[in-house]
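Chain by chain, the residues run as shown.
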Amino acid sequence: MKRGVLLILSAPAGAGKDTVCEALLEKVPDLSYSVSTTTRPKRDYEIDGKNYFFLTKEEFKERLNAGGFLENVVYAGHYYGTPKAFVEEQLAQGISVILKIEVQGAAQVKASGIDGVFIFLVPPEFKDLQDRLIGRGSESQAEIEERTRIAKKELAVVNMYDYVVVNDTVSEAVNQMEAILLAEKHKRERMLDLEIFQHMAETEEGE
Ligand code: 5GP
């Protein structure tokens, strides 16, 4: 059984990460969503166990101490973490998994040496990020400059990622992510366990 591929999807806020991820999961078979754990309050439309597993801080810390997370962060004052067991089970069963996480968590996954494919989703233009940060235009010039600086910083993390997808239309972004997943599945190292390669001659280096 071939291991699944671990996809790590991050994006600056407002890039449409949730929509693209949802549409990708609908389209692609053998891809699971890793439901994260959080201590932030549940929003009205959210379902416990579907959008997140909502835990108290104490419960979260217990799991953290038990080594239950693949990565975890404090974001906007709340804890977030990716449950390790689910991801490992799925990958071992040949099912690919997508983590929809912010950049510091993605950096932890990368640093841990786990074999993952890192995808950064961006809106088509810088002004799309600025618009989201600038809101309704009631801010002072200093505030606008500060928010522009934040938007620029949010883009600088791109160097950690393997792929960039532009969310021009959701369906195009989904197609591109599906293509990335397919290409990753055909990496040579993932194909060498095919029967045909079991008959391959041993070669000297450089032959
Ligand atoms: P929200 O609270 O708005 O649902 O999520 C805030 C941010 O945390 C989003 O960027 C979301 O993708 C990210 N996030 C959600 N779950 C996790 C997680 O388990 N780990 C990390 N590192 N980020 C997460």
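Everything that follows concerns the structure shown earlier in this document.
The residue numbering used here restarts from 1 in each chain and proceeds along that chain's sequence as written. The predicted nature of this model means local features are confined to residues of pLDDT at least 70 and side-chain atom pairs, given and counted, to a pLDDT of 80 or more, with totals for whole chains, interfaces and linings taken over all residues. In computing side-chain properties, one takes all heavy atoms of the structure into account and sets aside hydrogens as well as water.

Novice: If you had to explain the site of the ligand to someone new, which residues and values would you point to?
Specialist: A molecule or strand has a residue near it when one of that residue's heavy atoms lies within 4 Å. Ser36, Arg40, Tyr52, Tyr80 and Glu102 are the nearest of the 15 residues found near the ligand. Glycine 81 is positioned with one of its backbone polar atoms (N or O) 3.2 Å from an oxygen atom of the ligand. One of the side-chain nitrogen or oxygen atoms of glutamate 102 is found 2.7 Å away from a nitrogen atom of the ligand. Bound to the protein, the ligand loses 86% of the 520 Å² it would expose on its own. Counting of polar contacts relies on pairs of N or O atoms within 3.5 Å, with two restrictions inside protein: one atom must be capable of donating a hydrogen and the other of accepting it, and residues adjacent in sequence are counted only when both atoms are side-chain atoms. Only the protein chains shown count as cover for residues, and all accessible areas are computed by the Shrake-Rupley method using a 1.4 Å probe.

Novice: Can you break down the sheet that holds strand β4 (residues 52–54) residue by residue, with the values?
Specialist: Paired strands, in this sense, are two strands between which DSSP finds at least two bridges. In this description a helix means any DSSP run of H or I spanning at least four residues, a strand means any run of E spanning at least two, and both kinds are numbered starting from the N terminus. Read from one edge to the other, the open sheet built from 4 strands follows the order β4-β3-β6-β5, with strand pairing classed as mixed. Edge positions in the open sheet fall to β4 and β5 (69–75), since each of these has one partner strand only. When the angles between neighbouring strand axes are averaged without regard to direction, this sheet yields 25 degrees. Here 2 bridges tie strand β3 (residues 36–38) to strand β6 (residues 78–83), and the two strands are oriented antiparallel to one another. Directly across from threonine 37, in β6, lies its bridge partner glycine 81. As a rule, the C-alpha atoms of each element are fitted with a line to give its axis, helices using only the stretch in contact, and angles between N-to-C directions run from 0 to 180 degrees.

Novice: I'd like to hear about a nonpolar patch on the surface, residue by residue, with values.
Specialist: Judged by side-chain polarity, Leu192, Leu194, Ile196, Phe197 and Met200 come together as a nonpolar surface patch covering roughly 440 Å² of accessible area. Its location among the elements puts leucine 192 in the segment after α8 (188–191). A residue counts toward a patch only above 30% relative accessible area and without a salt bridge, and it is joined to like-charged neighbours within 9 Å or, for Val, Leu, Ile, Met, Phe, Trp and Tyr, to nonpolar neighbours within 5 Å. Only one rule defines a salt bridge in this text: a Lys or Arg side-chain nitrogen within 4 Å of an Asp or Glu carboxyl oxygen.

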